[in-house]
Amino acid sequence: MTHPLATWFLWFMLYSFIGWVYESILCSVAGRKLVNRGFLNGPVCPIYGVGAVAVVYALSPLAGRPALLFFASAFLTTALEYCTSWLMEVLFHARWWDYSQRFLNIRGRVCLRGFVAFGAMSVLVVRYVQPWMASLTARLSPRAAGLLAAALALLLAADLTATLITVLGLDKRLRAARELIEQRLEERIPRLRGLHAMQMKRLADAFPGLDFTRYHKEWQLLRERLRHRPKKM
């Protein structure tokens with residue numbers, strides 16, 4: 001019998017991938033260019049995985065009451081988005097998205113449109129997607145499910161580590177840039193290069209509203225340089 005943790009983790013990864021596809025399509029259409037949406041480099045948006053698994057775990061008993069399921073899941077997932085926005089700002093001193101211009105928003109972290117979208121998607125997940133997802137993972141042998149879960153966990157950990165190194169390293173660059181700007185030596189601010197530049201450009205494209213609260217001017221300057229950096233270095 002497959003260990004429950006392996007099964008739930010596989011569901012988390014599958015929903016994270018579905019969330020990445022959904023977000024990437026929306027951002028690509030809005031930006032009129034292909035966008036790899038998400039905090040991580042790989043094709044996953046963990047916040048969707050966490051939200052879907054939480055809804056399935058806590059609200060599946062409401063599958064027969066779609067209206068109640070809609071509002072309960074909308075409140076749950078919107079609270080998750082708010083907490084994620086707040087936590088990422090605390091950890092990285094940055095706002096990754098901002099809904100301040102949208103109708104009925106709360107401090108720019110969540111808005112009515114997201115509330116409705118998350119509620120509708122949660123109803124679809126609980127009533128239709130999760131039964132299919134459960135039957136899909138049930139076809140795997142316990143050994144195959146365990147190995148797949150372990151491999152995906154390692155890849156996720158590696159991706160998270162690489163992304164954290166990039167973001168935390170950028171904080172140091174922004175602090176150094178501020179010191180040079182204060183000395184009126186902006187021309188001495190080094191350009192981002194190589195893999196670090198590629199990762200930061202991806203994050204800048206993935207989160208158009210990204211802004212570092214402590215280094216607003218410095219981030220705008222580096223972001224502009226990322227947009228116009230040479231294709232070959």
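Here, every reference points to the structure presented above.
In what follows, the accompanying structure is described. (Residues numbered from 1 in each chain as written. Predicted model: local features only at pLDDT ≥ 70, side-chain atom pairs only at ≥ 80, totals over all residues. Heavy atoms only, no water.)

**What about the nonpolar core?**
Operational definition: Only buried Ala, Val, Leu, Ile, Met, Phe, Trp, Tyr and Cys residues count toward a nonpolar core, and they belong to the same one when joined by side-chain atoms within 4.5 Å. Partly exposed residues are those whose accessible area sits between 20% and 50% of the maximum for their type, while under 20% is buried and over 50% is exposed, using a 1.4 Å probe and protein chains only. A run of H or I in DSSP becomes a helix once it reaches four residues, and a run of E becomes a strand once it reaches two; helices and strands are each numbered from the N terminus. When checking whether two residues touch, look at their non-hydrogen atoms; a contact exists if any pair is within 4.5 Å.
In terms of nonpolar packing, the biggest core is built from 31 residues, with Phe39, Trp96, Phe207, Phe212 and Trp219 touching the most fellow members. If you list the elements that add at least two residues to this core, you get helix H1 (4-31), helix H3 (66-92), helix H5 (142-182), helix H6 (194-206) and helix H7 (216-227). Here this core gets five residues from one element, more than from any other, and that element is H6. The contact partners of Phe212, leaving out residues within four places of it in the chain, are Phe92, His93, Ala94, Leu170, Leu174 and Trp219.

**Focus on H3**
Selection criterion: Every helix has an expected span of 1.5 Å times one less than the residues it contains.
Across its 27 residues, H3 extends 38 Å between first and last C-alpha, which sits within 8% of the 39 Å expected from 1.5 Å per residue. Residues Leu69, Phe70, Ser73, Ala74, Thr77, Thr78, Glu81, Thr84, Ser85, Met88, Glu89 and Phe92 constitute the buried set of H3. Buried residues along H3 sit in contact with helix H2 (46-59), strand E1 (94-95), strand E3 (110-111), helix H4 (112-138), H5 and strand E4 (211-212). Looking one or two places after H3, you find His93, whose phi comes out positive at around 55 degrees.

**Regarding the side chain of Ser85**
Structurally, Ser85 is set in helix H3. Sequence-distant contacts of Ser85, defined by excluding residues within four places in its chain, comprise Arg95, Trp97 and Arg109.

**Here's the deal with the pattern of salt bridges**
Short version of the rule: For this analysis, a salt bridge means a side-chain nitrogen from Lys or Arg found within 4 Å of a carboxyl oxygen belonging to Asp or Glu.
Scanning the model with the defined rule gives eight salt bridges in all. A salt bridge links Lys33 to Asp205; the nearest nitrogen and oxygen atoms lie 3.5 Å apart. Note that Lys33 is positioned in the loop between H1 and H2 and Asp205 in helix H6, a separation of 172 residues in sequence. By relative accessible area, Asp205 is classed as partly exposed at 26%. The salt bridge partner of Arg214 is Asp171, with a shortest N-O separation of 3.1 Å. Note that Arg214 is positioned in the loop between E4 and H7 and Asp171 in helix H5, a separation of 43 residues in sequence.

**Some words on the packing of H3 against H4**
Inclusion rule: To obtain an axis, a line is fitted to C-alpha atoms, over the contacting stretch when the element is a helix, and the angle between two such axes runs from 0 to 180 degrees between their N-to-C directions. Reported orientations rely on four angle classes, namely roughly parallel under 35 degrees, roughly antiparallel over 145, roughly perpendicular from 65 to 115, and oblique for the rest. Two helices cross in a left-handed way if the nearer one is turned anticlockwise from the farther one by less than a right angle. They cross in a right-handed way if the turn is clockwise. Note that Gly is not counted as nonpolar here; it falls among the polar residues with everything else outside the nonpolar set of Ala, Val, Leu, Ile, Met, Phe, Trp, Tyr, Cys and Pro and the charged set of Asp, Glu, Lys and Arg.
Orientation of H3 relative to H4, taken along the N-to-C sense of each, is 120 degrees, at an axis distance of 7 Å. Classed by the angle they form, the pair H3 and H4 counts as oblique. Our pair here, H3 against H4, has a crossing hand that is right-handed. Packed against H3, whose contacting residues are Pro66, Leu69, Phe70, Phe71, Ser73, Ala74, Phe75, Thr77, Thr78 and Glu81, the element H4 presents Phe115, Val116, Phe118, Gly119, Ala120, Ser122, Val123, Val126 and Arg127 at the interface. For the contact of H3 with H4, the residue count by class is 12 nonpolar, five polar and two charged.

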